[in-house]
Amino acid sequence: MNNKFNLLNLDINQLEKIAVDIKLKPFQAKQIYKWLHEKMIRQIDEITNISKESRTLLSEIAYIPYIELKKREISKIDRTEKFLFELNDKNTIETVLLRHKDRNTICVSTQAGCPVKCAFCATGQGTFHRNLDLSEILNQVYIVNRRLSKENTNITNIVFMGMGEPLLNIDTLIESINTFSSEDGINISKRKITISTCGIIPGIERLLENHLPVELAISLHAADDFKRNGIIPINKTYPIDDLLFSLKNYQRLTKRRISFEYILIDDFNLFPEDVNNLRTILKDYDHVLNLIPYNEVEGVPFKRPPENKINNFFNSLKRYGINVTLRREKGSDISGACGQLKEKNRSES
Ligand code: SAH
Ligand code: SF4
């Protein structure tokens, strides 16, 4: 299978060349593209509007890739589903489906492991293996969407908030956004696609260069460089002021509200000085600040603060006019946050 073309990794121009090889007209590449990305088929034989002969020829030179579902957990509280997939090289990644009344959001991984190694994050504690390729990112969405279609529903929103740092896999990320938002594919508007990033400035600039006005969620988690350096090592390369400068530009050009994510860690980032620093940072932005009580990770010393501290912090930010929300994690009964399903699986095996 290895020397065949991976059909989900090909763009329309590459498909056109293949179409000619299998005795089709170049324009029929678009039909194949639609079968792959709109209908999300599993087998080449499902392409019923090309001849049997062309299908046979196609199967000889190309295949539709797959990632294997190894484990699935469903929250009894809110039906959040976590999927653990195994890739061809045995690396595993996770994908999460979040169900809301009016939308289904899928949380997608972009890397196997993460090189950023944030001190609080389960994914960051493990080994970084590699970037995912395009087909591995697409397949997370297509496999879950195929399951949803059996319930007569579908994915409406995509968040790149699973394992890995999306902006460190920027070329493939851009290709995946173009594919997801294509009218010949699953057709999810860029407004419904969110990238969560620890703040990779060149990646933010690439999104602008490629005219991809997606939603940005910035994992801030600390409001001064000293604290942020301590938990997000890449802050030493892209310090807060430089990141803010780049975000200003992003907001000016895209007119999008920027989300700032702030996990609440006990005795670390809920002091009056943090409220002040957040106010200074956020006042120049159309913003929303999402507070997320820390999800404790085995072997990591950080703790979730008690409810009264969470509420006091929330109220002081509100008093200062910050547009703040307190997010209660969905699926809290099934392995918690980012990377934790995979970590749990590893310790069980
Ligand atoms: N690498 C990207 C996207 C993946 S992490 C980023 O860092 O933004 C997705 C989100 O989960 C980030 O905001 C991250 O900081 C947060 N996160 C990681 N571990 C967590 C934990 N144990 N509890 C709560 N949030 C966590
Ligand atoms: Fe990587 Fe994001 Fe986890 Fe940091 S929080 S280690 S950037 S996945």
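It should be emphasised that the depicted structure is a prediction, and the values quoted were computed from it without experimental measurement.

1. Things to note about the domain arrangement of the chain
Okay, step 1: Examined at the domain level, the chain breaks down into domain 1 (5-63) and domain 2 (68-348).
Okay, step 2: Distance from the C-alpha centre of domain 1 to the C-alpha centre of domain 2: 34 Å.
Okay, step 3: In this assembly, 12 residues from domain 1 lie in contact with 14 residues from domain 2.
Okay, step 4: Summing the contributions of domain 1 and of domain 2, the shared interface buries around 1,100 Å²; its carbon and sulfur component is 54%.
Okay, step 5: Per-residue buried area on domain 1 facing domain 2 is highest for Leu8, His37 and Met40; these three make up 48% of the total on that side.
Okay, step 6: At the junction of domain 1 with domain 2, the criterion picks out two salt bridges.
Okay, step 7: Linking Lys34 and Asp184 is a salt bridge whose minimum nitrogen-to-oxygen distance equals 3.9 Å.
Okay, step 8: Counting across the domain 1 and domain 2 interface gives seven residue pairs in polar contact (both at pLDDT 80 or more).
Okay, step 9: Of the residues that constitute the side of domain 1 that touches domain 2, the class distribution is five nonpolar, three polar and four charged.

2. Focus: the state of the cysteines
Okay, step 1: If you walk through the whole model with that rule in mind, you get zero disulfides.
Okay, step 2: Of all cysteine sulfurs in the structure, the one in Cys118 sits closest to Cys198, which takes part in no disulfide; the separation is 5.6 Å.
Okay, step 3: Judged by relative accessible area, which is 6%, Cys198 ranks as buried.

3. Some words on the sheet that holds strand S6 (residues 104-107)
Okay, step 1: Taking strand neighbours across the sheet as the criterion, the 10 strands line up as S3-S4-S5-S6-S9-S10-S11-S12-S13-S14 in an open arrangement whose pairing is mixed. Among the strands making up the open sheet, the edge pair consists of strand S3 (68-74) and strand S14 (324-326). The average angle at which neighbouring strand axes cross in this sheet is 20 degrees, direction not considered.
Okay, step 2: Relative to strand S5 (residues 92-99), strand S4 (residues 81-86) runs antiparallel, the two sharing six bridges. Considered in S5, the bridge of Lys82 is made with Val96.
Okay, step 3: Against the sheet, helix H11 (residues 307-319) contacts strand S12 (258-264), strand S13 (287-293) and S14, and its axis sits at roughly 160 degrees relative to S14.

4. Notes on the site of ligand 1
Okay, step 1: Around ligand 1, the structure places 19 residues, and the nearest of them are Gly164, Ser196, Ser219, His221 and Asn295.
Okay, step 2: One nitrogen or oxygen atom from the side chain of Ser196 is found 2.7 Å from an oxygen atom belonging to ligand 1.
Okay, step 3: In this structure, Thr197 approaches ligand 1 through a main-chain N or O atom, which is 3.3 Å from an oxygen atom.
Okay, step 4: Starting from 530 Å² of accessible surface for ligand 1 in isolation, the protein chains cover 92%.
Okay, step 5: Tallied by class, residues from the shell around ligand 1 come to 10 nonpolar, eight polar and one charged.

5. Examining helix H1 (residues 12-21)
Okay, step 1: If you check which residues of H1 are buried, you get Leu15, Ile18 and Ala19. Taken down its axis, H1 places every buried residue within 105 degrees of arc, on the same side. Every exposed residue of H1 that faces more than 90 degrees away from the buried side is listed here: Lys17 and Asp21.
Okay, step 2: In this structure, the buried residues of H1 make contact with strand S1 (5-6), helix H2 (29-37) and helix H3 (52-61).
Okay, step 3: One or two residues past the end of H1 sits Lys23, with phi positive at roughly 65 degrees.

Criteria and cut-off values
- Residues numbered from 1 in each chain as written.
- Chains lettered and ligands numbered in written order.
- Predicted model: local features only at pLDDT ≥ 70, side-chain atom pairs only at ≥ 80, totals over all residues.
- Heavy atoms only, no water.
- Domains from an automatic or database assignment.
- Contact = heavy atoms within 4.5 Å.
- Buried area = accessible area lost by both parts, 1.4 Å probe.
- Salt bridge = Lys/Arg side-chain N within 4 Å of Asp/Glu carboxyl O.
- Polar contact = N/O pair within 3.5 Å; in protein donor to acceptor, adjacent residues only side chain to side chain.
- Nonpolar A, V, L, I, M, F, W, Y, C, P; charged D, E, K, R; others polar.
- Disulfide = S-S within 2.5 Å.
- Buried < 20%, exposed > 50% of the residue type's maximum accessible area, 1.4 Å probe, protein only.
- Pairing = 2+ DSSP bridges.
- Helix = DSSP H or I, 4+ residues; strand = E, 2+ residues; numbered from the N terminus.
- Axes fitted to C-alpha atoms, helices over the stretch in contact; angles between N-to-C directions.
- Near = heavy atom within 4 Å.
- Areas by Shrake-Rupley, 256 points an atom, 1.4 Å probe, with all protein chains shown as cover.
- Arc of directions from axis to C-beta.

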